[in-house]
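# Fold and contact review
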Amino acid sequence: MSLVMAAVGVAMAAAVAAAAPSLPSADPNAPDPFAWLEDIHGARATAWVEKQNARTAARLESDRRYEPFRREALAIFTAKDRIPDPQFLGPGIANFWQDATHVKGLWRRTTLADFRSPAPTWETLIDLDALSTAEGRNWIWKGAVCLPPADRLCLVRLSDGGGDAVEIREFDTKAKAFVAGGFAFPTAKQDVAWLDAETLLVARDWGPGTLTRSGYPFVVKKVIRGRSLDQALEIYRGSPDDVRAFPRVLRDQAGAVKAVLIGRSPSTFQTEYRQLGQEGWIRLLELPRKNDLRGWLAGRMIVQINEDWAAGVGHRALGAGSLLAYDPGTGAAEAIFEPTASQALDDARVTAGGVLASYLDNVNGAVDIIAPANGGWTRKPLALPKGSALAIRAADPFSNHAYLTAESFLEPTALWEVDAAADAARPIKTLPARFDASKDVVEQQFATSADGTRIHYFLVRPKAMKFDGTTPVQMFGYGGFQISETPAYRPEMGKLWLERGGAYVLTNIRGGGEFGPAWHEAALREHRQRAFDDFAAVARDLIERKVTSPRRLGIYGRSNGGILTSVAITQHPELFNAAVIESPLIDMLRFSHLSAGASWMAEYGDPDVDADRTFIARYSAYTQLKPGVKYPEPYITTNTVDDRVHPGHARKFAAEFEALGDPYLYYENTFGGHANDADPQLNARRWARHYVYLAQKLMD
């Protein structure tokens, strides 16, 4: 080779290197080329977001299907014949309601008897639309903490824009007004508990050095009415390396305080409880750290344990997933519910006469009433629809009343009223059908994952579907935090997708809670790949059975599911043609430094620890995108005011696609928070964009 040719070759190589995009690296010392997008409200980042939004809106919102989709979704979200979600408020029922007229919503109440009627008469307590207008704020409802059992005084939680940080104000439900000079706390991530009408226990941002790495409080103080926050008395201080600390007050069925507790969470799934005594002493309760405290009944704490508990003083060996009656005075404990291998305890709520325990059996719902009797406990199943997703909506610890919902993919939601004293339930309200389900059928199937594990999934498909690979399929997954995915009625999915000939798949992959704590732990930390393998196994099963094909298969996931979907398209781009990646975690080598990310290290590992960084780097999609690979065009979307999962995750992933010159869509809502559904209008536009994108990619 001549010197001239060699020189030309070197020059060409240099030109190619110069033209190659700068991409993120797993090397902790390498600069992040898109770090500037983590500046949430920075001018450069904001300009980039506005440009991306305009580009994506031009494509999706100009599609002929967008406006019909938006109208249909809005009609669903604002329908006046929706079932009001009940919450007990003193002797009556409260509900938070949004519709076309009340976009931000009404907090309202009615009587127990009137709630049973087809058209209850509601009394407005707070009109958030009027309050927002009067105060020039974008108030989003985040609930209320009331002083039981009368519930006259309530601490109302309001978020300006929908983030997790809230402002707290005291409200008098009898006067229907905020209390002048009452308890008030400025915006922060905070927890409050009533000790009595004059005293609160509060965990919040008390100033520099009082928040954990995760951004949650670790200092709990006693706040007395009429005194300033500066005069609050510190009663507990945890560690900045904890996830958080919070107060909890347990009352008996007469409303008397039985236990004042401080919870300390050293990690996402662990909580230690310390009991406060009359003289200010604190005693650590002997319970497994992985627990969920459900309430107080018959002189016992009702506690779900999520890890095995070896035999000790006052109790035999107890298995993970059991529900216990625990005596905090003696440490004695007995199991009142123990799941079988196919079961998983989902929820437990206390009424005056017993505990409602909802659980899954092969991902189908059931509810039992467990009651104290003759020195022991009885357990009786409620007669409820089979093959449904069952959820306890409200339970009154001061009466025998409770409400739960029953629903399935094709059966509209029904609200059931429970009489715990009579071990009986009856339906009192049913949602009208929102889509034509007569042409569809539901199947529960399973796929075999890479390590041989059976992975259950539900398939909702047209009855007349041909097994030729031509059916458009939307596949959903989550696989984290012991959250169970169940066969719920999804009106917008049915109307915008099933009615137009699409099929829907719900996966029950490891990391979730469908089969109890062990199912969750199977995909923790260094075992995370199992969840990704499970998801891919379902996709392959659908393709091999000719339910669909890669050309017609799309995936959807949000939050933790955003990790799943971003990994799915980077590890298996050949399997999918669409991916909706919403409010996602993606940059897993920096997640612990963004927003509340440090609180999830028990789930994923700590990327600042070399051994953990090694296994996280193998899947973190942000550093796995490669030039020259044909990825499915993703639709990446998030929210500016998401203070739980930093919008930088989504922004930087989209910017990486942009740098590679690969097709992608990006859209960022400017309010709504992590849930991204703060009002029905926002939600209707959100789902219309989702389904236009899926239709373009999978149906056209």
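Residues numbered from 1 in each chain as written. Predicted model: local features only at pLDDT ≥ 70, side-chain atom pairs only at ≥ 80, totals over all residues. Heavy atoms only, no water.

Scanning the chain from N- to C-terminus turns up 13 helices and 37 strands. For the chain, whose C-alpha radius of gyration is 26 Å, the value lies close to the compact-globule estimate of 27 Å for 700 residues. Residue pairs in contact within the chain that sit at least 24 positions apart in sequence constitute 57% of those at least 6 positions apart. Put simply, the chain has 79 plus and 84 minus side-chain charges, and the middle of one group is 3 Å from the middle of the other. (Helix = DSSP H or I, 4+ residues; strand = E, 2+ residues; numbered from the N terminus. Rg over C-alpha atoms; globule rule 2.2 N^0.38 Å. Contact = heavy atoms within 4.5 Å. Lys, Arg positive; Asp, Glu negative; His and termini not counted. Charge placed at Lys NZ, Arg CZ, Asp CG, Glu CD.)

Turning to the sheet that holds strand β21 (residues 333-337), a few remarks are in order. Adjacent strands of a sheet form backbone hydrogen bonds with each other and so pair up, either parallel or antiparallel. If you trace the four strands from one edge of the open sheet to the other, you get β18-β19-β20-β21, paired in antiparallel fashion. Two strands in the sheet have a free side with no partner beyond their single neighbour: β18 (291-297) and β21. Direction aside, neighbouring strands of the sheet carry axes that sit 30° apart on average. As defined by bridge partners, β18 adjoins strand β19 (residues 300-305) across six bridges and the pair is classed as antiparallel. For Asp292, the partnering residue across the bridge sits in β19 and is Gln304. (Pairing = 2+ DSSP bridges. Axes fitted to C-alpha atoms, helices over the stretch in contact; angles between N-to-C directions.)

The next point concerns helix α9 (residues 560-571). With 12 residues, α9 ought to run about 16 Å at 1.5 Å a step, and its terminal C-alpha atoms sit 17 Å apart, in line with that. Counting buried residues in α9 gives 11 out of 12 residues, a clear majority hidden from the surface. Of all the positions in α9, only Asn560, Gly561, Gly562, Ile563, Leu564, Thr565, Ser566, Val567, Ala568, Ile569 and Thr570 are classed as buried. The inward-facing, buried residues of α9 abut α8 (529-544), β34 (553-558), β35 (578-582), α10 (601-604), β36 (634-639) and α12 (648-660). (Expected span 1.5 Å × (residues − 1). Buried < 20%, exposed > 50% of the residue type's maximum accessible area, 1.4 Å probe, protein only.)

Counting residues in hydrophobic clusters, the biggest one holds 109 residues, and the most contacted among them are Met475, Leu542, Tyr604 and Phe653. Leave out the neighbours within four places in its chain, and Leu542 touches Tyr457, Val473, Met475, Val505, Val547, Thr548 and Leu553. Grouped together as the second largest cluster of nonpolar side chains are 17 residues, Phe246, Leu261, Trp309 and Leu324 included. (Core = buried A, V, L, I, M, F, W, Y, C linked by side-chain atoms within 4.5 Å.)

What follows is about the environment of Asp396. Position of Asp396 among the secondary structure elements: in the loop between β26 (389-395) and β27 (401-407). According to the relative accessible area criterion, Asp396 is buried, its value standing at 9%. Considering only alpha carbons, one finds Asp396 and Ile302, 94 residues apart in sequence, at a separation of 15 Å. Excluding residues within four positions of it along the chain, Asp396 makes contact with Phe88, Val350, Thr351, Ala352 and His401.

Let us now look at unusual backbone geometry. Of the consecutive residues Pro148 and Pro149, the connecting peptide bond is found in the cis state with omega at 0°. Mapped onto the elements, Pro149 comes out in the loop between β5 (139-146) and β6 (153-160). Positioned with a positive phi, Asn362 is a non-glycine residue whose angle comes to about 55°. With respect to the secondary-structure elements, Asn362 resides in the loop between β23 (355-361) and β24 (364-373). If you check the backbone angles, Ser583 has positive phi at about 45° while not being a glycine. With respect to the element layout, Ser583 can be found in the loop between β35 and α10.

What follows concerns the packing of aromatic side chains. Overall, the coordinates contain 26 aromatic pairs when judged by the stated rule. Measuring from ring centre to ring centre gives 5.1 Å for Phe337 and Tyr359, while their planes differ by 45°; the resulting arrangement is tilted. Of this pair, Phe337 sits in strand β21 while Tyr359 sits in strand β23, and the two are 22 residues apart along the sequence. Per residue, the accessibility class of Phe337 equals that of Tyr359, and both read buried. An aromatic cluster of three or more residues is present, and its members are Phe96, Trp107, Trp141, Phe171 and Phe178. A cation over a ring is seen here: Lys189 above Tyr216, with NZ or CZ 4.7 Å from the ring centre. One cation-aromatic arrangement involves Arg454 over Phe446; the distance from NZ or CZ to the ring centre is 3.4 Å. (Phe/Tyr/Trp six-rings, centres within 6.5 Å; stacked < 30°, edge-to-face > 60°. Lys NZ or Arg CZ within 6 Å of the ring centre and 35° of its normal.)

In the predicted model, the chain carries a mean pLDDT of 95, and the fraction of residues at 70 or more is 97%. Below a pLDDT of 50 lies the segment residues 1-19, which in the model reaches one contact outside its immediate sequence neighbourhood of four places, other chains included. (pLDDT = per-residue confidence, 0-100.)

The next thing to look at is the pattern of salt bridges. Throughout the structure, instances matching the rule amount to 51 salt bridges. Across the salt bridge formed by Arg65 and Asp63, the nearest N and O atoms sit 2.9 Å from each other. Ionic pairing is found between Glu198 and Arg225, a salt bridge with its closest N-O pair at 3.3 Å. Here the residue Glu198 occupies a position in the loop between β10 (191-196) and β11 (199-203), and Arg225 occupies one in the loop between β12 (219-224) and β13 (233-237), the gap between them amounting to 27 residues. (Salt bridge = Lys/Arg side-chain N within 4 Å of Asp/Glu carboxyl O.)

Strands sit in the order β1-β2-β3-β4 across an open sheet of four strands; the sheet is antiparallel. Each end of this open sheet is capped by a strand with a single partner; those strands are β1 (87-89) and β4 (123-127). Neighbour-to-neighbour, the strand axes of the sheet open up by a mean angle of 35°, direction not taken into account. Pairing of β1 with strand β2 (residues 92-97), which is carried by three bridges, proceeds in the antiparallel orientation. Residue pairing for β2: Phe88 is matched across the bridge by Ile93.

This brings us to the state of the cysteines. Scanning the model with the defined rule gives one disulfide in all. In this model Cys146 forms its disulfide with Cys154; the gap between the sulfur atoms is 2.1 Å. Between Cys146 and Cys154 the sulfur-sulfur dihedral comes to about 105°; the bridge is accordingly right-handed. Cys154 matches Cys146 in its accessibility class, with the two residues each being buried. (Disulfide = S-S within 2.5 Å.)

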